[in-house]
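Given next are the chains, with one letter for each unit.
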Amino acid sequence: MKWLESLRNFNKPHLCKIEKIINETPTIRTLIFSDQIMSNSLPGQFAMVWIPGINELPMSVMVSTKQNKAAFTVRKQGFSSTSLYNAKLGQYIGIRGPYGNNFNIKSGKLLLVGGGTGLVPLMRLLKFVNSSHDITLIIGASTKTEVCFEDLANLLLKNNTHHVITTTIDGTYGHKGLVTDVMSDLLHETTFNGVYTCGPELMMLNVVKMALSKHIFVQASIERIMKCGVGICGSCSMNDNLVCKDGTVFNGLYLLENDEFGCTYRNKSGSIENYTSKV
Ligand SMILES: Cc1cc2nc3c(=O)[nH]c(=O)nc-3n(C[C@H](O)[C@H](O)[C@H](O)COP(=O)(O)OP(=O)(O)OC[C@H]3O[C@@H](n4cnc5c(N)ncnc54)[C@H](O)[C@@H]3O)c2cc1C
Ligand code: FES
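Everything numeric in this text was worked out from a predicted model, so none of it was measured. (Residues numbered from 1 in each chain as written. Chains lettered and ligands numbered in written order. Predicted model: local features only at pLDDT ≥ 70, side-chain atom pairs only at ≥ 80, totals over all residues.)

(A) Summary view of the sheet that holds strand β1 (residues 14–17). Taken in spatial order, the four strands make up an open sheet running β1-β7-β4-β5, and their pairing is antiparallel. The open sheet terminates on both sides in strands that have one partner only, identified here as β1 and β5 (55–60). Averaged over all pairs of adjacent strands, the angle between strand axes in this sheet comes to 35°, irrespective of strand direction. The pairing of β1 with strand β7 (residues 92–99) spans four bridges and is classified as antiparallel. Opposite His14, over in β7, you have Ile95 as the bridge partner. (Pairing = 2+ DSSP bridges. Helix = DSSP H or I, 4+ residues; strand = E, 2+ residues; numbered from the N terminus. Axes fitted to C-alpha atoms, helices over the stretch in contact; angles between N-to-C directions.)

As structure tokens, then:
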């Protein structure tokens, strides 16, 4: 009922029942549910997902191929994400949002570079391109069994000129190496009107640097520890910005001037940590 949806308070968890679960890889699952508001969210937006009795986590809104269906794609990492990953059919989760800004989709030839669940907002972006866009998507994974979304990307782009290129670090599928190796080769041969990236921050740092060295418009969707998701707690700060409110999508030019991007982040207690110490 449309009028009922229009009364919904975006800052209160809205309960949704998990209707379908897709095993994407041995560590990644997509949970599908009915929700008109989430199914219309913009590429790059996220939701705060409440797993009752466990925690609330920020999750990028995934694309769904069905009308009024929405989805989250979760990788099991720590306790909370593993609880969401283990959610059963018929279980309820609470959803606040959608929050945050969205990618500014340029016309022409676009390059999308993502790794792991960083691909989620990029898959959603594919739903917003038109048939005149020429899309190259570079999918990064550690190994063959962790490659996901290749078929879905080809399906979503069936009306476009497109290339889906896969890389694995151990070389068990697609190109051996990093997504940035492939991007570097591509930039020698061709130019793009826009580059969009999401994934590990050091990967995004390199993507942004490479695109800007060729004077190409570039945007990255940034992750930080999030607690409130709405600009109150400050846990997601990155220099003067709150990633939940001012992002999560930032222009590359701004990011390169920002001394925290690719260098530091706040851990759960709010202390500043170095990205390099995680590598
Ligand atoms: C805007 C946004 C969108 C996200 N979208 C997705 C998504 O679509 N799918 C998905 O699986 N995950 C997504 N995440 C990450 C997710 O919210 C959790 O942070 C992650 O699942 C780990 O949670 P955990 O409590 O299970 O692990 P923890 O036990 O908290 O941590 C496991 C590891 O991950 C690190 N970590 C935890 N949270 C973050 C964070 N926010 N940023 C950087 N490192 C972190 C920890 O330092 C630790 O090394 C997103 C995060 C943000 C901020
Ligand atoms: S998560 Fe609280 S201010 Fe961003």
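There is more to say after this.
(B) Quick peek at the pairing of strand β10 (residues 161–168). The sheet contact formed by strand β9 (residues 134–141) and β10 spans eight bridges and is parallel. The residue bridging Gly140 from the neighbouring strand is Thr167, located in β10. Crossover connection from β9 via helix α5 (residues 150–156) to parallel β10: handedness right-handed. (Right-handed = clockwise from strand over helix to strand, strands pointing away.)

(C) Here's a closer look at unusual backbone geometry. Of the consecutive residues Gly97 and Pro98, the connecting peptide bond is found in the cis state with omega at 5°. With respect to the helices and strands, the residue Pro98 is situated in strand β7. Cis geometry marks the peptide bond from Gly247 to Thr248, where omega comes out at 20°. Mapping Thr248 onto the fold places it in the loop between α8 (243–246) and β16 (249–251). Unusually for a residue other than glycine, Asn68 sits at a positive phi of about 65°. Its location among the elements puts Asn68 in the loop between β5 and β6 (69–75). Positive phi, close to 50°, is recorded for Asn239, a residue that is not glycine. Relative to the helices and strands, Asn239 resides in the loop between β14 (237–238) and β15 (241–242).

(D) Inspection of the nonpolar core at higher detail. Counting 73 residues, the largest nonpolar core has Ala47, Val49, Leu112, Met123, Val195 and Val207 as its most contacted members. No other element matches helix α7 (residues 201–213), which puts seven residues into this core. Looking at which domains feed residues into this core, each of domain 1 (2–99) and domain 2 (109–278) gives three or more. When residues no more than four places from it in sequence are discounted, the contact partners of Met123 are Met62, Val63, Phe149, Leu152 and Ala153. (Core = buried A, V, L, I, M, F, W, Y, C linked by C-beta atoms within 7 Å. Buried ≥ 20, exposed ≤ 12 C-beta atoms within 10 Å, placed from the backbone. Domains from an automatic or database assignment. Contact = placed C-beta atoms within 7 Å.)

(E) Highlighting the domain arrangement of the chain. When cut into domains, the chain gives domain 1 (2–99) and domain 2 (109–278). The C-alpha centroid of domain 2 is placed 21 Å from the C-alpha centroid of domain 1. Between domain 1 and domain 2, the residue contacts involve 20 residues of the former and 21 residues of the latter. Looking at the side of domain 1 that touches domain 2, the elements with two or more residues in it are β2 (20–25), β4 (46–51), β5, β6 and β7.

(F) Expanded view of the environment of Lys106. Note on placement: Lys106 falls in the loop between β7 and β8 (109–115). Judged by the 16 C-beta atoms lying within 10 Å of it, Lys106 falls in the partly exposed class. Taking the C-alpha atoms as reference points, Lys106 and His133, 27 residues apart in sequence, are found 8.9 Å from one another. Apart from the residues lying within four places of it in its own chain, the contact partners of Lys106 are Asn193, Gly194 and Phe217.

(G) Local environment of the pairing of β9. With seven of eight residues buried, β9 lies mostly within the body of the structure. By the bridge criterion, seven bridges tie β8 to β9 in an arrangement that is parallel. Each residue of the ladder has a partner; that of Leu111, found in β9, is Thr136. Chirality of the crossover, the property in question, places the unit of β8, helix α4 (residues 119–126) and β9 among those that are right-handed.

(H) Expanded view of the environment of Ser107. If you trace the backbone, Ser107 turns up in the loop between β7 and β8. Between the alpha carbons of Ser107 and Thr30 there is a distance of 29 Å; along the sequence they are 77 residues apart. When near neighbours in sequence (up to four residues on either side) are disregarded, Ser107 contacts Ser132 and Asn193.

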